[in-house]
Amino acid sequence: MKNNLDYDSSNVREFSGVLLEVQEHVSTKYAMLISGDSIKQKEQIKSYVSKYLMDCSLSVEGLTFDELVETLYSEMAEFSFLTKYLYRDDIEEININSWEDIKITYSNGEVLPIKERFTSPGHATDVIRRLLHKSGMILDNAVPIVVGHLSEQIRITVLGQGIIDKDVGVSASIRIVNPKKFQREEFVNNNTASEEMLDFLSLTHRYGESICLTGAAFSGKTTLMSWILSTLPNNKRIFVIENGTREFNLVKKDDQGRTINNIIHTVTRHSDNPKQNITMVKLLETGLTVNPDYICVAEMKSDEAFFAQEAARTGHGVTTTIHASSCIGTYYRMVTLCKQRYDVDVKTLYNLVTEAFPIVVFCKQLEDNSRHIMEITECEIKQDGSREIRTLYKFNITENNIVDEKLKITGSYQKINNMSKALEKRLLENGMPKNTLNRFIGVERV
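**What about the nonpolar core?**
And then number 1: Counting residues in hydrophobic clusters, the biggest one holds 75 residues, and the most contacted among them are F200, L201, L224, V361, I373 and I376.
And then number 2: Once you skip the residues sitting within four places of it in the chain, I373 turns out to touch T192, A193, M197, L201, L224, V361, F362, C363, F395 and Y413.
And then number 3: Judged by nonpolar contacts, the second largest core, of 30 residues, contains Y85, I91, I96 and I128.

**Re the state of the cysteines**
And then number 1: Scanning the entire structure with this criterion turns up zero disulfides.
And then number 2: Summary of cysteine pairing: C363 is not part of a disulfide, and the nearest cysteine sulfur, belonging to C327, is at 8.7 Å.

**A closer look at empty space enclosed by the protein**
And then number 1: Applying the stated criterion across every chain, the model contains one cavity of 30 Å³ or more.
And then number 2: In this structure, the largest cavity is lined by L229, S230, L232, P233, N234, K236, I238, L250, K252, N261 and N262.
And then number 3: Here the lining of the largest cavity is built from residues that sort into five nonpolar, four polar and two charged.

**Describing the environment of M300**
And then number 1: You can see M300 is positioned in the loop between strand 12 (294-297) and helix 11 (304-312).
And then number 2: What makes M300 buried here is its relative accessible area of 1%.
And then number 3: Separated by 21 residues in the primary sequence, M300 and T321 have C-alpha atoms spaced 6.2 Å apart.
And then number 4: Setting aside residues up to four positions removed in sequence, M300 forms contacts with A305, A308, T320, T321, I322, M334 and L337.

**Structural notes on the pairing of strand 14 (residues 359-365)**
And then number 1: Most of strand 14 sits inside the fold, with five of its seven residues counted as buried.
And then number 2: Note that strand 9 (residues 211-214) and strand 14 share four bridges and pair parallel. From the neighbouring strand, I211 faces strand 14, where its bridge partner is I359.
And then number 3: Relative to strand 15 (residues 371-381), strand 14 is paired through seven bridges, and the arrangement is antiparallel. Note on strand 15: the bridge partner recorded for Q365 is R371.
And then number 4: Adjacent in sequence and paired antiparallel, strand 14 and strand 15 are bridged by five residues, among which N369 carries a positive phi angle near 75°.

**Notes on unusual backbone geometry**
And then number 1: In the Ramachandran plot, F218 falls in the positive-phi region, its phi being about 70° despite a non-glycine side chain.
And then number 2: For F218, the position within the fold is in the loop between strand 9 and helix 9 (221-230).
And then number 3: Judged by its relative accessible area of 17%, F218 falls in the buried class.
And then number 4: In this model, E405 sits at a positive phi of 65°, which is unusual for a non-glycine residue.

**Observations regarding the layout of surface pockets**
And then number 1: The space that makes up the second largest pocket amounts to roughly 800 Å³.
And then number 2: Looking at the second largest pocket, it is lined by 22 residues, and the ones nearest its centre are L63, T71, F81, K84 and E116.
And then number 3: Every element with two or more residues in the lining of the second largest pocket is listed here: helix 4 (65-77) and helix 5 (83-86).
And then number 4: The greatest single-element share of the lining of the second largest pocket, amounting to six residues, is contributed by helix 4.
And then number 5: Along the lines of polarity and charge, the residues of the lining of the second largest pocket split into six nonpolar, seven polar and nine charged.

**Looking at the pattern of salt bridges**
And then number 1: With the rule as written, the count across this model stands at 24 salt bridges.
And then number 2: Two residues, E92 and R371, come together in a salt bridge whose shortest N-O distance is 2.8 Å. Of this pair, E92 sits in strand 3 (residues 91-98) while R371 sits in strand 15; the two residues are 279 residues apart in sequence, bridging distant segments of the chain.
And then number 3: Since its relative accessible area comes to 11%, E92 is described here as buried.
And then number 4: Look at R371 and you get buried, because its relative accessible area is 16%.
And then number 5: With a closest N to O distance of 2.9 Å, D199 and R184 form a salt bridge.

**Looking at the environment of S325**
And then number 1: Within the secondary structure, S325 sits in the loop between strand 13 (317-322) and helix 12 (327-338).
And then number 2: A C-alpha to C-alpha distance of 28 Å links S325 and P113, two positions 212 residues apart in sequence.

**Focus: helix 6 (residues 121-133)**
And then number 1: Between the first and last C-alpha of helix 6 there are 18 Å, a value that for 13 residues agrees with the 18 Å anticipated at 1.5 Å per step.
And then number 2: Residues H123, A124, T125, V127, I128, L131 and L132 constitute the buried set of helix 6.
And then number 3: Contact partners of the buried residues in helix 6: helix 4, helix 5, strand 3, strand 6 (145-151), strand 7 (154-159) and strand 8 (171-176).

**Side note on the sheet that holds strand 8**
And then number 1: The six strands lie next to each other as 5-4-3-8-7-6, forming an open sheet whose pairing is antiparallel. A single partner strand is all that each edge strand has here, and the edge strands are strand 5 (111-113) and strand 6. For this sheet, the mean inter-axis angle between neighbouring strands, taken without regard to orientation, is 15°.
And then number 2: In the packing of helix 6 onto the sheet, the strands contacted are strand 3, strand 6, strand 7 and strand 8, and the crossing angle to strand 7 comes to about 135°.

What counts and what doesn't
Residues numbered from 1 in each chain as written. Predicted model: local features only at pLDDT ≥ 70, side-chain atom pairs only at ≥ 80, totals over all residues. Heavy atoms only, no water. Core = buried A, V, L, I, M, F, W, Y, C linked by side-chain atoms within 4.5 Å. Buried < 20%, exposed > 50% of the residue type's maximum accessible area, 1.4 Å probe, protein only. Contact = heavy atoms within 4.5 Å. Disulfide = S-S within 2.5 Å. 1 Å grid on protein atoms, 1.4 Å probe; cavity = no way out; pocket = protein on both sides within 12 Å on 5 of 7 lines; lining within 4 Å. Points joined across faces, edges and corners; volume = space filled by probe spheres on them. Nonpolar A, V, L, I, M, F, W, Y, C, P; charged D, E, K, R; others polar. Helix = DSSP H or I, 4+ residues; strand = E, 2+ residues; numbered from the N terminus. Pairing = 2+ DSSP bridges. Salt bridge = Lys/Arg side-chain N within 4 Å of Asp/Glu carboxyl O. Expected span 1.5 Å × (residues − 1). Axes fitted to C-alpha atoms, helices over the stretch in contact; angles between N-to-C directions.

Structure below.
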């Protein structure tokens, strides 16, 4: 076979035409290969594509030979140009607004358009259908809305014909849960929180306090919760409950590949037969029977909130996330979700959830795309049963400036109040050393 240096690129064609010709050639002669996904099969397909391009002197303006081979392979056996974005660790979301308008949300918060686009509305629909098919999901006229998971760590929502304009082709939101595990230093260097705030959260949870992280999408709740859980001692048993697919990976291994911590990862399972549904509520009930030290409910969105607060009030350390716009608003959001399960009066439910989750952390992505812990509160229960929401730490914004045509928000973290005496007492009773506890006593700027 001729090598790349001998390649004659005199037959310049449109990409769509080259794709059809190469696709027909490869599929008729090597159909069995296209269905595989091993590295060997991938290289064989690329080899056949390369040979055909050289034999026919086919080329496409703007693409080198190697780029053309890669692009053709991706169109035929993968997911067009989306493939190279799906498995990057610096991307959080791919938003397809139409076949010619695709925006990427990066881990640093930037939202930028990409140069690639589909060749037509039909092309966009074909690629997304191929993507869904790999996970057993179907998009058609009867099912124009699809919500599901492509794999561990990738969620997808698709809108098809009948829901959107015909000339759009397809709209989709592909959420990629960042597989990168952040360390304490990275949160500090990114100014997400102060060192003392991070230590306060990890150590209060370590010594028995349940925590709810709240905020909007992309505020950093899940990343922060994953870090908090990773700081728990390896001998403590953690029971993790997720909805539909695995996004967390809290398993730790030593140099020999042996698991060194004590963790159970579980996910819900949907079935058309209600009796076979495995819901978050079912997993919570099951989790309490396997003797966990800590329970993680990845996100409270429905009536599982009632059982999560029940678990927290039985002495288990529970971590969870919820969508709310403030620390105080978090409790009322929990009440609303709990009422989906039982029609209990608001005051009773408020008392239950404030007892269950004494620590609430409000996370936010600001207008300059920076992420911060805006506030950490403690709910203190007085002797007469009344509640006081105390702000312990807060991010104070001092300036909003335009730097190099971009907004830059400046602020600092401040310690507002000490923890309550009741919380001090609980932490001591749960084993926190006195010298560790003393680190969090005293009001000063952090």
